[in-house]
Amino acid sequence: MSLHIPFRYDYVGSFLRPTALKEAREAFKAGTLTAEELRAVENKEIEALIAKQKAAGYHVITDGEFRRAYWHLDFMWGFQGIEETELDHGYFFVGEETAKGSIKLVGKISGENHPFIEHFKFVNQWADANTVAKQTFPAPAQLFSELFRDKNGDTTRQIYPDVEELIQDIGAAYRTFIKELYEAGCRNIQLDDCTWGMFCDEAYWQKRQETAKDNLSFEEAAERFLRLNNLALQDIPADLAVTTHVCRGNYNSTYAASGGYERIEKILFGKAKVDAFYLEFDDERSGGFEPLRFVPANKKVVLGLITTKRATLENRDGIIKRIQEATQYVPLEHLYLSPQCGFASCEIGNKLTEEEQWAKLALVKSIAEEVWGHR
């Protein structure tokens, strides 16, 4: 068995938070539970989750993002020079506003001693000959975007009047983190990235241009994000598998953006220095498979054909048909199957039960075994 992601049946990484974990986090916020007591609950629930992941027959394990409130912000808070804050409003998704968390730049950014290193070490205890630990975290472009979200941009410009210095510091901080992660034993990383999902949405881009202060064209902004992400991956070890997950938003079963991959097909698929792409294809919001023709022959595509936003199980034959359609653009041996996103990108989670979550993953595995065999 390969020791690297992706696997024929795979998942993005986050799982619904158990009740005991939600209650512990609320108690910690209220001051009735200590940090050590919260960590004990997290450890217990993560260990139980890993046992379930293995029992479900999956070859990759994660902590389900059980130590995070958000898929991205908790990681950003772990960098030197960044603190936790709240804005006047959250992100505006379709029909819903998210929680208001964000980041505050208080100094130059660096990446040493990130708390996620210890988080990975905890999960990696259960890696074995049949199972590898995967570490997920937001892409550098996501951090850059958050630093200029709403009033954050004013503070960012004060500390980094030269945007190129900021880009270089973000790249260096990520390289430091990835190096320490590798030294801790990690060989599989996944960069989660909503920035490309937003680029897919023409309405989002038009709205951005109305408020942005950088006067960048679409192509210039996309090239900047690509360069930033690739900068973080300079000189990585040859045996470190690097993948990226492109998302259009995932919060309480709603989304933030719509649009196919056509607007970014050449730059993302053709130039991103990753081994594989985890891509949303669960409904019409994500468009068709045609943009996959720009995926290089040596790269892999994980088809996110099973939604995590609804409990209803997909039609098995329909999913198999769609996999076959994708082979028009990517050979079957370079295709893989997963849900389109995590089940709980933020601790609120999507609108389905844990039982329904595991039923989705059982369907992914069963379909993959039928299409590719027991590999």
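By convention here, each chain's residues receive numbers from 1 onward along its written sequence. With the structure being a predicted model, the display of local features is reserved for residues of pLDDT at least 70 and the display and counting of side-chain atom pairs for 80 or more, all residues being used for whole-chain, interface and lining totals. The basis for every side-chain value is the complete set of heavy atoms in the structure, and neither hydrogens nor water enter the calculation.

## A look at the pairing of strand β12 (residues 335-339)
- Only protein chains enter the calculation, and the probe is 1.4 Å; a residue is then buried if its accessible area is under 20% of its type maximum, exposed if over 50%, and partly exposed in between. Put simply, DSSP H or I for four residues or longer makes a helix, DSSP E for two residues or longer makes a strand, and each gets a number counted from the N terminus. Across the five residues that make up β12, a large majority, five, are buried.
- When DSSP finds two or more bridges between a pair of strands, those strands are recorded as paired. The sheet contact formed by strand β11 (residues 300-306) and β12 spans five bridges and is parallel. Along β12, the bridge assignment pairs Val302 with Tyr336.
- Read as a crossover between parallel neighbours, the route from β11 over helix α12 (residues 316-326) to β12 is right-handed. For crossovers, right-handed means that the path from the first strand over the helix to the second runs clockwise, given strands pointing away from the viewer.

## Comments concerning helix α7 (residues 163-183)
- Take the residue count of a helix, subtract one, and multiply by 1.5 Å to get its expected span. The first and last C-alpha atoms of α7 sit 30 Å apart over 21 residues, in line with the 30 Å expected at 1.5 Å per residue.
- If you check which residues of α7 are buried, you get Leu166, Ile167, Ile170, Gly171, Ala173, Tyr174, Phe177, Ile178 and Leu181. Taken end-on, α7 shows its buried residues confined to a sector of 160°, consistent with a single buried face. Facing away from the buried side of α7, by more than 90 degrees, are the exposed residues Lys179 and Glu183. The arc in question is traced by the directions running from the helix axis to the C-beta atoms.

## Focus on the nonpolar core
- By size, the foremost hydrophobic cluster in this structure holds 113 residues, and its most contacted members are Ile109, Trp196, Leu292 and Leu303.
- We call two residues in contact when some of their heavy atoms are within 4.5 Å. Look past the residues within four positions of Ile109 in its chain and what remains in contact with it is Phe79, Gln80, Ile82, Leu147, Tyr160, Leu166, Asp169, Ile170 and Ala173. Here the nonpolar core consists of buried residues drawn from Ala, Val, Leu, Ile, Met, Phe, Trp, Tyr and Cys, with membership extended through side-chain atoms lying within 4.5 Å.

## Considerations on the packing of aromatic side chains
- Classification of ring pairs rests on two measures: the distance between centres of Phe, Tyr or Trp rings, Trp counted by its six-membered ring, which must be within 6.5 Å, and the angle between planes, read as stacked under 30 degrees, edge-to-face over 60 and tilted in between. Scanning the model with the defined rule gives 24 aromatic pairs in all.
- Ring plane angle 55° and centroid distance 5.6 Å describe the contact between Phe199 and Phe225, whose orientation is recorded as tilted. Separated by 26 residues along the polypeptide, Phe199 in helix α8 (residues 195-199) and Phe225 in helix α10 (residues 218-231) bring together distant segments of the chain. For the residue pair Phe199 and Phe225, the accessibility class agrees, reading buried in each case.
- Ring centres of Tyr261 and Phe269 lie 5.8 Å apart, and the angle between their planes is 45°; on these two criteria the pair is classed as tilted. Assigned by exposure class, Tyr261 and Phe269 land together as buried.

## Thoughts on the pairing of strand β7 (residues 135-138)
- The two faces of β7 match: Gln135 and Phe137 on one face and Thr136 and Pro138 on the other face are all buried.
- The pairing of β7 with strand β8 (residues 188-193) spans four bridges and is parallel. Residue pairing across strands places Phe137 opposite Leu191, the latter belonging to β8.

## Points about the sheet that holds strand β9 (residues 241-246)
- Spatially, β7-β8-β9-β10-β11-β12 is the arrangement adopted by the six strands of the open sheet, whose pairing is parallel. The sheet terminates laterally at β7 and β12, the two strands that pair on one side only. Averaged over neighbouring strand pairs, the angle between their axes works out to 25° when direction is ignored. Throughout, an axis means a line fitted to C-alpha atoms (over the contacting stretch in the case of helices), and angles, computed between N-to-C directions, take values from 0 to 180 degrees.

## Describing the packing of helix α5 (residues 140-147) against α7
- Interhelical geometry of α5 versus α7 gives an angle of 135° and a closest axis separation of 10 Å. When the interaxial angle is binned, α5 and α7 end up oblique. In the crossing of α5 with α7, the sense of the turn from one axis to the other is right-handed. Taken together, the residues of α7 that come into contact with α5 (itself represented by Pro140, Leu143, Phe144 and Leu147) are Val163, Leu166, Ile167, Ile170 and Tyr174.
- By residue class, the composition of the contact of α5 with α7 is nine nonpolar, no polar and no charged. We call two directions roughly parallel when the angle between them is under 35 degrees, roughly antiparallel when it is over 145, roughly perpendicular when it lies between 65 and 115, and oblique otherwise. Put simply, a crossing is left-handed when the front helix is turned counterclockwise from the back one by less than a right angle, and right-handed when it is turned clockwise. Residues are grouped as follows: Ala, Val, Leu, Ile, Met, Phe, Trp, Tyr, Cys and Pro are nonpolar; Asp, Glu, Lys and Arg are charged; all remaining types, including Gly, are polar.

## Focus: the packing of helix α4 (residues 116-124) against α7
- It is the contact of α4 with α7, at a shortest axis distance of 10 Å, that shows an interaxial angle of 25°. With respect to α7, the element α4 is oriented roughly parallel. Where α4 crosses over α7, the two elements pack in a sense that is right-handed. Contacts from Phe116, Ile117 and Phe120 in α4 reach Phe177, Glu180 and Leu181 in α7.
- Across the contact of α4 with α7, the residue classes tally to five nonpolar, no polar and one charged.

## A short note on the environment of Lys54
- Inspection of the secondary structure puts Lys54 in helix α2 (residues 35-55).
- The exposure class assigned to Lys54 is partly exposed, which follows from its relative accessible area of 29%.
- Separated by 77 residues in sequence, Lys54 and Thr131 place their C-alpha atoms 7.8 Å apart.
- Once you skip the residues sitting within four places of it in the chain, Lys54 turns out to touch Ile61, Trp126, Asp128 and Thr131.

## As for the pattern of salt bridges
- The salt bridge criterion pairs a side-chain nitrogen of Lys or Arg with a carboxyl oxygen of Asp or Glu, the two atoms within 4 Å. The full count for this structure, using the stated rule, is 25 salt bridges.
- We note a salt bridge from Arg67 to Glu42, for which the minimum N-O separation is 3.2 Å. One end of the pair, Arg67, is in the loop between β1 (60-61) and α3 (73-77); the other, Glu42, is in helix α2, with 25 residues separating them in the sequence. In this pair, the class of Arg67 matches that of Glu42, namely buried.

## Things to note about unusual backbone geometry
- The step from Ile5 to Pro6 runs through a cis peptide bond, and the omega angle for that step is 0°.
- Relative to the assigned elements, Pro6 resides in the segment before α1 (19-30).
- Even without a glycine there, the phi angle at Glu65 is positive, about 60°.
- In this structure Glu65 comes out as buried when scored by relative accessible area, which is 4%.

Everything listed here is a matter of geometry and, on its own, says nothing about what the molecule does.
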